[in-house]
Amino acid sequence: MPAPLYLAHNLNPAYLLRYSWAAFPANGARLPAHPPDGLLDLLSSSWEADGIRLLEHRWDAQRVQATFSTTPRVAPDFLAARAKGRLQHALRQAGIGASFARNFSVRAIGNNTRETVGRYVHDQVQRGDFADPKYREGLKLAGWTNPEIDLRQPIETARGRYWYVLHLVLVTSDRYRIDAETTARVVSEGCRAVAAKHCYQLSCVAVMPDHLHLVLQGAPADSPEKIALCFQNNLAWLLGQVRVWESNYYAGTTGEYTMHAVR
């Protein structure tokens, strides 16, 4: 196989990645009613080093809930492991021997709901300003929505439940114009092949003249960065191993709830 054209250290992405996380004491144990003094400041510093930023939290004797923002290199299962592992370690350092149950959850959230984002992507071509109706029709035919994919359903693992829905955007290099009859079809079919290969649940594809929209549920072990690179490199290979995409991307989380609803 040829060497990948796109590498993580060469990318300059835009992103808005936020998750809620919840954990519960194991075996009916109870937490302190409030976090010990200084514990959250210490945790926040440690999480920042992992690419994880604490935004808000709710703490009581029966659960810890938090919202985090992350960099694109952070996968949901890494977030879950570091959130619980560092919290449990900090509690033990404070003399509190708390352990947490395995039934945690991680939920992607955004400024807009999954339904709103999906509708926005689905309607991209229809809302576009095209002088040539034949070109519009070609892009419309290349677009794809799978009604059998239900992104409301979580991914169940041995460690927990994940709702991991991403809106991914790739931009063509130098705003290269995608040919509606050939290139757009190759890109659309290639997206489905990449998703199937990596066990991503691809819900919606919109091929535009100079960019590509995807809505999908990723694998919890795969970071947004890894998912973006999979599509960039595989699609570039399908199109002749040329740098068809800019060395950037946009990745945003979305889900059933917005940040406003969570707050």
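As a reminder, the structure under discussion sits directly above these lines.
From a predicted model like this one, the values you see are computed outputs, not experimental measurements.

*Asks:* Looking at this model, I keep getting lost on helix α1 (residues 39–49). Mind explaining?
*Replies:* In an α-helix, one full turn covers 3.6 residues, which means residues spaced three or four apart are oriented alike. Listing the buried residues of α1 in full gives L39, L40, L43 and W47. Angularly, the buried residues of α1 cover 85° about the axis, an arc narrow enough to put them on a single face. Opposite the packed face of α1, turned more than 90 degrees from it, sit the exposed residues D41, L42, S45 and A49. Buried residues in α1 make contact with β3 (52–60), β4 (63–70) and α2 (76–93).

*Asks:* Any chance you could explain a nonpolar patch on the surface here in plain terms?
*Replies:* Side chains of M1, W237 and L238 sit close together on the surface and give an oily, nonpolar patch of about 400 Å² of accessible area. By the secondary structure assignment, W237 is in helix α7 (residues 224–238).

*Asks:* Sorry, what's going on with the pattern of salt bridges here?
*Replies:* Side chains that carry opposite charge are capable of pairing whenever their charged atoms lie near each other. Within the structure shown, the criterion is met by 13 salt bridges. Residue E181 is joined to K134 by a salt bridge in which the shortest nitrogen-to-oxygen separation is 3.5 Å. Taken as a pair, E181 in the loop between β9 (165–171) and α6 (183–198) and K134 in helix α5 (residues 133–142) lie far apart in primary sequence, 47 residues in all. Summarising the burial analysis for this pair, E181 and K134 share the class exposed. Each of D50, R82 and R86 takes part in one network of salt bridges that share partners.

*Asks:* Whenever I open this one, the sheet that holds β3 confuses me. Can you help?
*Replies:* Adjacent strands of a sheet form backbone hydrogen bonds with each other and so pair up, either parallel or antiparallel. Here we have 6 strands laid out as an open sheet, ordered β3-β4-β2-β5-β8-β7, and mixed in their pairing. Each having just a single partner strand, β3 and β7 (155–156) make up the two edges of the open sheet. Its contacts with the sheet put α1 on β3 and β4, and the angle it makes with β3 is roughly 150°.

*Asks:* Please clarify how the nonpolar core should be interpreted in this entry.
*Replies:* Of all hydrophobic cores here, the largest spans 66 residues; its most connected members are W21, L212 and F231. With 7 residues, α7 is the largest single contributor of residues to this core. Listed in part, the 8 residues of the second largest apolar core include V121, C204, A206 and V215.

*Asks:* It is not clear to me how unusual backbone geometry should be interpreted in this structure. Could you clarify?
*Replies:* What is expected of a backbone is that most residues other than glycine have negative phi and most peptide bonds are trans. The phi dihedral of D174 is positive, around 55°, even though this residue is not glycine. For C199, which is not a glycine, the phi torsion comes out positive at approximately 60°. The topology assignment puts C199 in the loop between α6 and β10 (201–207).

*Asks:* Would you explain the sheet that holds strand β12 (residues 250–254) in this entry?
*Replies:* Taken in spatial order, the 6 strands make up an open sheet running β1-β12-β9-β11-β10-β6, and their pairing is mixed. The open sheet terminates on both sides in strands that have one partner only, identified here as β1 (14–16) and β6 (144–145). Across 2 bridges, β6 lies against β10 in antiparallel orientation. Along β10, the bridge assignment pairs T145 with C204. Packing of α6 onto the sheet brings it into contact with β6, β10 and β11 (211–217), and relative to β10 it is tilted by some 165°.

*Asks:* Even after reading the chapter, I still don't get the side chain of H167, so can you show me in this structure?
*Replies:* Residue position: H167 is located in strand β9. Side-chain polar atoms of H167 contact the side chain of H213, separated by 3.0 Å. Among residues more than four places away in sequence, those in contact with H167 are V117, Y120, V121, H213, L214, V215, Y250, A251 and G252.

*Asks:* Looking at this model, I keep getting lost on the packing of aromatic side chains. Mind explaining?
*Replies:* Given two aromatic rings, one states the distance between the centres and the angle between the planes to describe the pair. Under the definition given, this model contains 6 aromatic pairs. Cation over ring: R243 sits above Y6, and NZ or CZ is 4.5 Å from the ring centre.

Thresholds applied
Residues numbered from 1 in each chain as written. Predicted model: local features only at pLDDT ≥ 70, side-chain atom pairs only at ≥ 80, totals over all residues. Heavy atoms only, no water. Buried < 20%, exposed > 50% of the residue type's maximum accessible area, 1.4 Å probe, protein only. Helix = DSSP H or I, 4+ residues; strand = E, 2+ residues; numbered from the N terminus. Arc of directions from axis to C-beta. Contact = heavy atoms within 4.5 Å. Patch = residues over 30% accessible without salt bridge, like charges linked within 9 Å, V, L, I, M, F, W, Y side chains within 5 Å. Areas by Shrake-Rupley, 256 points an atom, 1.4 Å probe, with all protein chains shown as cover. Salt bridge = Lys/Arg side-chain N within 4 Å of Asp/Glu carboxyl O. Pairing = 2+ DSSP bridges. Axes fitted to C-alpha atoms, helices over the stretch in contact; angles between N-to-C directions. Core = buried A, V, L, I, M, F, W, Y, C linked by side-chain atoms within 4.5 Å. Polar contact = N/O pair within 3.5 Å; in protein donor to acceptor, adjacent residues only side chain to side chain. Phe/Tyr/Trp six-rings, centres within 6.5 Å; stacked < 30°, edge-to-face > 60°. Lys NZ or Arg CZ within 6 Å of the ring centre and 35° of its normal.

Worth remembering: the numbers are spatial, not functional.
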